Amino acid sequence: MPPRSGPLAFDRYCSRDLDRDTIERAYSAWAPVYDGVCGPIFHHGRRAAVEAACAVGGRTLEIGVGTGLSFGAYARTGTRVVGIDLSQAMLARAETKRATGRYPHVESLQVMDAHELAFPDRAFDSAVAQFVITLVENPERVLDECARVVRPGGEIILMSHLYSERGLTAAIERFAARHTRAIGLRPEFPFARLQAWADRHGGVTLLERRPVRPFYTLVRFRVA
């Protein structure tokens, strides 16, 4: 197995990674309003990520499953879902959705730290992280864990807002980054960091990087 990765240093505009306490506080506060506020904003990105997972099929691990907003998109596709989240408040709302019986494809939901996944190697056909990888304490460590639990030929599927890197939009993102950490947002995470992880890991290949409206990016890696 490749050595575990640590954080990499990037340009001076990028802020440090968010710590666990900040994320837990932020998403405990978001939980009561998350579906109403973030559901419409994330709709297209969520659909694109789920479509990519369903194209792989089999069993998918949803990292940062949150309140279960994606459950309906997996329905009638044959894809089975295991969801984890660090936030008990968010996951409680996902459990309420699952308890309705409308989502039999959701196998289980667990409070779990994505830096230390309690699953055996090669347990899943894909791992999906929607609007998550830019917000965890150590993104490289989480990606290592994704690569470990996905079978050879399976995929790691990421959906996030990534840093624009140049122009007015990048300047706005850098400005916003100074003020959004406390609410669990990070707008200036660069794609270069994902590519550097893949290069250093050596056991994954970039399959796709494409924009998804309104301002997200879908990134797919295949596990060797």
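Structure: see above.
Residues numbered from 1 in each chain as written. Predicted model: local features only at pLDDT ≥ 70, side-chain atom pairs only at ≥ 80, totals over all residues. Heavy atoms only, no water.

Enquirer: Could you clarify how one ought to interpret the packing of helix H5 (residues 139-149) against helix H7 (residues 191-201) in this entry?
Expert: Between two packed helices, both the angle of their axes relative to each other and the distance between the axes serve to describe the pair. Contact geometry of H5 with H7 gives a least axis separation of 11 Å together with a crossing angle of 50 degrees. Classed by the angle they form, the pair H5 and H7 counts as oblique. At the point where H5 passes H7, the crossing takes the right-handed sense. Contact residues: H5 offers Pro 139, Glu 140, Leu 143, Asp 144 and Ala 147, while H7 offers Arg 193, Leu 194, Trp 197 and His 201. (Axes fitted to C-alpha atoms, helices over the stretch in contact; angles between N-to-C directions. Helix = DSSP H or I, 4+ residues; strand = E, 2+ residues; numbered from the N terminus. Parallel < 35°, antiparallel > 145°, perpendicular 65-115°, else oblique. Left-handed = near helix turned anticlockwise from the far one by under 90°. Contact = heavy atoms within 4.5 Å.)

Enquirer: Explain the environment of Asp 19 here, please?
Expert: The residue Asp 19 is located in the segment before helix H1 (20-30) in this model. According to the relative accessible area criterion, Asp 19 is partly exposed, its value standing at 29%. Between the C-alpha atom of Asp 19 and that of Leu 135, which follows or precedes it by 116 residues, the distance is 8.5 Å. Here Thr 22 takes part through its side chain, which lies 2.8 Å from a polar atom of the side chain of Asp 19. (Buried < 20%, exposed > 50% of the residue type's maximum accessible area, 1.4 Å probe, protein only. Polar contact = N/O pair within 3.5 Å; in protein donor to acceptor, adjacent residues only side chain to side chain.)

Enquirer: Sorry, what's going on with unusual backbone geometry here?
Expert: Excluding glycine, a negative phi dihedral is what most residues carry, and trans is how most peptide bonds are arranged. That bond from Arg 213 to Pro 214 is cis: its omega, 0 degrees, falls within 30 degrees of zero. Secondary-structure assignment places Pro 214 in the loop between strand S6 (204-212) and strand S7 (216-223). A positive phi angle, near 60 degrees, is found at Arg 76, a position not held by glycine. Structurally, Arg 76 is set in the loop between helix H3 (71-74) and strand S2 (80-85). Exposure remark for Arg 76: the relative accessible area of 83% places this residue in the exposed category. Residue Arg 122 is not a glycine yet carries a positive backbone phi of 60 degrees.

Enquirer: Help me out: how do you make sense of the pattern of salt bridges in this one?
Expert: If charged atoms from side chains of opposite charge come close, those side chains can pair. A full pass over the atoms with the stated rule returns 15 salt bridges. Among the ionic pairs, Glu 107 bridges to Arg 80, the shortest N-O distance being 2.9 Å. Taken as a pair, Glu 107 in strand S3 (residues 106-111) and Arg 80 in strand S2 lie far apart in primary sequence, 27 residues in all. Look at Glu 107 and you get partly exposed, because its relative accessible area is 31%. Since its relative accessible area comes to 37%, Arg 80 is described here as partly exposed. Look at the salt bridges and you will find they share partners, linking Glu 155, Glu 208, Arg 210 and Arg 220 into a network. (Salt bridge = Lys/Arg side-chain N within 4 Å of Asp/Glu carboxyl O.)

Enquirer: Can you help me understand the side chain of Asp 125 in this one?
Expert: On the secondary structure map, Asp 125 appears in strand S4 (residues 124-130). With relative accessibility at 18%, the residue Asp 125 sits in the buried group. Polar side-chain contacts of Asp 125 include one of 2.7 Å to the backbone nitrogen of Arg 59. Of note is the side chain of Asp 125, whose polar atom sits 2.5 Å from the side chain of Arg 151.

Enquirer: Got a minute to help me understand the pairing of S7 in this structure?
Expert: Two faces belong to every sheet, and in a regular strand the side chains alternate between them. Taken across its eight residues, S7 has seven buried, putting it largely inside the fold. Two strands pair when backbone bridges link them, and strand S5 (residues 150-160) and S7 are joined in this way by six bridges, in the antiparallel orientation. The residue of S7 that forms the bridge with Leu 158 is Val 219. Bridge count between S6 and S7: eight bridges; the pairing is antiparallel. Looking across to S7, one finds that Val 212 is bridged to Tyr 216. Counted between consecutive antiparallel strands, the loop separating S6 from S7 contains three residues. (Pairing = 2+ DSSP bridges.)

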